[in-house]
Amino acid sequence: MSTTAEILVLYYSRYGATAELARQVATGVEKAGATARVRTVAPVATNIGEDRPAVPEDGPPYAELHDLEECAGLVMGSPTRFGNMAAPLKYFLDGTSGLWASGGLVDRPFGVFTSTATQHGGQETTLLSMALPLIHQGMLWVGVPYTVPELNSTTSGGTPYGASHVAGTQGEQAVTRDEQRIAASLGERVARIALRLKASGAPA
């Protein structure tokens, strides 16, 4: 039985802050010895009949359901929208009812990450909003333990529920070293648990 694993790093990013966190998560996944499959989701059209591009102009490709099916774990990120995940990511998750019906994601680990404009802009509620549909899928929530030292030292983003970043109201604040390390630690932990589950013979 193969003990290699792919971890889906799935995110939506409007201005780039969440995409940068995704890159740090992917670094952690690779450090654990797994492979990061990085995917994004398409914007949601706000006008009826408005056409959206079939593929992104740049960056990773759009996620498809088979990406979820084929990966041994998931780390998912979104900027906050009034304390909730962004609509494009919610739209993608709303299309996963077939996987829910089949139990296709049961017992796979997941983690979540987010970015906000302000320090108290809804980071933890956004992380919770992303976790809820994945819990309904039977997935296993992996957070950030306080054994990650940066969780104690950070003065910006970073929570035990998942990685996060405070971008500033104009997006002027770069991802800090502590935020980078927390995001990488989350990716590494999800990947490490996925690898252990595969090695134990647990269903992928």
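Q: Which residues make up the side chain of Gln137, and what are the values?
A: Assignment of secondary structure puts Gln137 in the loop between α5 (123–136) and β5 (140–141). Of the polar contacts made by the side chain of Gln137, one reaches the backbone nitrogen of Trp100; its length is 3.2 Å. Setting aside anything within four residues of it in sequence, one finds Gln137 in contact with Thr96, Leu99, Trp100, Leu105 and Val106.

Q: Which residues make up helix α3 (residues 87–94), and what values go with them?
A: Residues three or four positions apart in an α-helix share a direction because the helix packs 3.6 residues into each turn. Among the residues of α3, Pro88, Leu89, Phe92 and Leu93 are the ones counted as buried. Projected onto a plane normal to the axis of α3, the buried residues spread over an arc of 135 degrees and lie on a single side. The elements touched by buried residues of α3 are β1 (6–11), α2 (65–70), β3 (73–79) and α5.

Q: Kindly report on the packing of helix α1 (residues 17–31) against helix α7 (residues 177–199), identifying the contributing residues and their values.
A: For the pair α1 and α7, the least separation of the axes is 6 Å and the interaxial angle reads 45 degrees. In this view, α1 runs oblique relative to α7, as classed from their interaxial angle. Crossing handedness for the pair α1 and α7: right-handed. Contacts from Leu21, Gln24, Val25, Gly28, Val29 and Lys31 of α1 reach α7 at Glu179, Gln180, Ala183, Ala184, Gly187, Glu188 and Ala191. Residue composition of the contact of α1 with α7, grouped by class: six nonpolar, four polar and three charged.

Procedures and definitions
- Residues numbered from 1 in each chain as written.
- Predicted model: local features only at pLDDT ≥ 70, side-chain atom pairs only at ≥ 80, totals over all residues.
- Heavy atoms only, no water.
- Helix = DSSP H or I, 4+ residues; strand = E, 2+ residues; numbered from the N terminus.
- Polar contact = N/O pair within 3.5 Å; in protein donor to acceptor, adjacent residues only side chain to side chain.
- Contact = heavy atoms within 4.5 Å.
- Buried < 20%, exposed > 50% of the residue type's maximum accessible area, 1.4 Å probe, protein only.
- Arc of directions from axis to C-beta.
- Axes fitted to C-alpha atoms, helices over the stretch in contact; angles between N-to-C directions.
- Parallel < 35°, antiparallel > 145°, perpendicular 65-115°, else oblique.
- Left-handed = near helix turned anticlockwise from the far one by under 90°.
- Nonpolar A, V, L, I, M, F, W, Y, C, P; charged D, E, K, R; others polar.

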